[in-house]
Amino acid sequence: MTVPLDRRSGRGREGVSDASGGDLSRDASSTDPSDAQSGLGPDLSPGLRVGTGWDARPGVPDLNRSALEVAPLLLGCVLRTPDAAVRIVEVEAYDGALDPASHAFRGPTRRNAVMFGPPGFLYVYSLHGHSCLNVACREPGVASAVLLRAGEVIEGLDAVRARRPGVSDAALARGPGNLCRALGITLADNGADLAGPRARLEAGSPPLALASGPRVNVSSAGGREWRFWDADSASVSAFKRHPRAVD
């Protein structure tokens, strides 16, 4: 079943059956072996500012909290880039050292440095040739991030259609890789400040009903219901359980 949005928490049913732009999830068990644990350094996250926390704006969630708290509150928020904007309709929480599916489960590396804060920055990584976009949460030094899985294009439709030709409007930003393509986000945006100008998180229209279920195509901790979505959106991706998922 679905439940009314609480902006603080929410649990609902699993599964929305419509075509997905691809099952892209991150899993600590699939981390690149060459990405050895190396500690943090000033050159690891281009564009990453020195800061102590997220300065919340009206209508935008406080990111100085765990990904599990932040994730459902991001639904309905707007992510804006220079030529397009989407309303966020699907997210997944990844909780660092407490989550074997998180890139940060084994500690800091050059790849995951942005996850260790401060909050309010983009963590962008590549999976199977697709860029995937995350919002870093929690205080500096503690890794936590929310994967943005899908959005509804609300501005810049012509620019997005040019990047995703031949795709229905509902599917333009459906799936993590397609969301990045729709917004023109690439690995060069890793570490970008969500206060702009390359990307900006803004208040939007919260969903009337929120649903939750297991994360898509995740092998480790596959049963955790840490995926949240707008139950009324046609842009939400389809659920797929990893064939070797361990709860």
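Read on for a plain summary of the structure. (Residues numbered from 1 in each chain as written. Predicted model: local features only at pLDDT ≥ 70, side-chain atom pairs only at ≥ 80, totals over all residues. Heavy atoms only, no water.)

## Let's talk about the overall build of the protein chain
Across its full length, the protein chain holds three helices and nine strands. Each of the 247 residues in the protein chain was classed as buried or not, and the buried ones make up 55%. Taking as baseline every contact in the protein chain between residues at least 6 positions apart, the subset at least 24 positions apart corresponds to 69%. For the protein chain, the accessible area works out to roughly 9800 Å², and carbon and sulfur atoms hold 54% of it. (Helix = DSSP H or I, 4+ residues; strand = E, 2+ residues; numbered from the N terminus. Buried < 20%, exposed > 50% of the residue type's maximum accessible area, 1.4 Å probe, protein only. Contact = heavy atoms within 4.5 Å. Areas by Shrake-Rupley, 256 points an atom, 1.4 Å probe, with all protein chains shown as cover.)

## Thoughts on the environment of G191
Looking at the element boundaries, G191 is found in the loop between α3 (176-183) and β7 (200-202). According to the relative accessible area criterion, G191 is buried, its value standing at 0%. C-alpha separation for the pair G191 and G117, spaced 74 residues apart in sequence, amounts to 9.7 Å.

## Side note on the nonpolar core
The biggest cluster of nonpolar side chains holds 37 residues, and the ones touching the most others in it are L74, L79, V91, L133, V146 and L148. Those elements giving two or more residues to this core turn out to be α1 (67-74), β3 (84-94), β4 (122-127), β5 (130-136), β6 (145-155) and α3. Of all the elements, β3 adds the most residues to this core, at five residues. Setting aside chain neighbours within four positions, we find L148 in contact with L74, L79, I88, E90, V91, L133, V135, P176 and L179. In this structure, V114, F121, Y125 and L127 belong to the second largest nonpolar core, which totals 14 residues. (Core = buried A, V, L, I, M, F, W, Y, C linked by side-chain atoms within 4.5 Å.)

## Observations regarding α1
Burial runs high along α1: six of the eight residues are buried. Along α1, the residues that are buried comprise A67, V70, A71, P72, L73 and L74. Residues of α1 that are buried sit in contact with β3, β5, β6, β7, β8 (209-213) and β9 (227-230). Positioned one or two residues after α1, G76 has a phi angle of 90°, which is positive.

## Thoughts on the pairing of β9
Burial along β9 is two-sided: the residues R227 and W229 and F228 and D230 are all buried. In this sheet, β9 lies alongside β3 in antiparallel orientation, the contact comprising three bridges. Across the sheet, the residue bridging to V91 is F228, located in β9. Here four bridges tie β8 to β9, and the two strands are oriented antiparallel to one another. (Pairing = 2+ DSSP bridges.)

## Thoughts on α3
For α3, the buried fraction is high: seven of the eight residues fall into the buried class. Next to the buried residues of α3 lie β2 (78-81), β3, β5, β6 and α2 (157-163). Looking one or two residues beyond α3, the residue adopting positive phi is G184, at roughly 75°.

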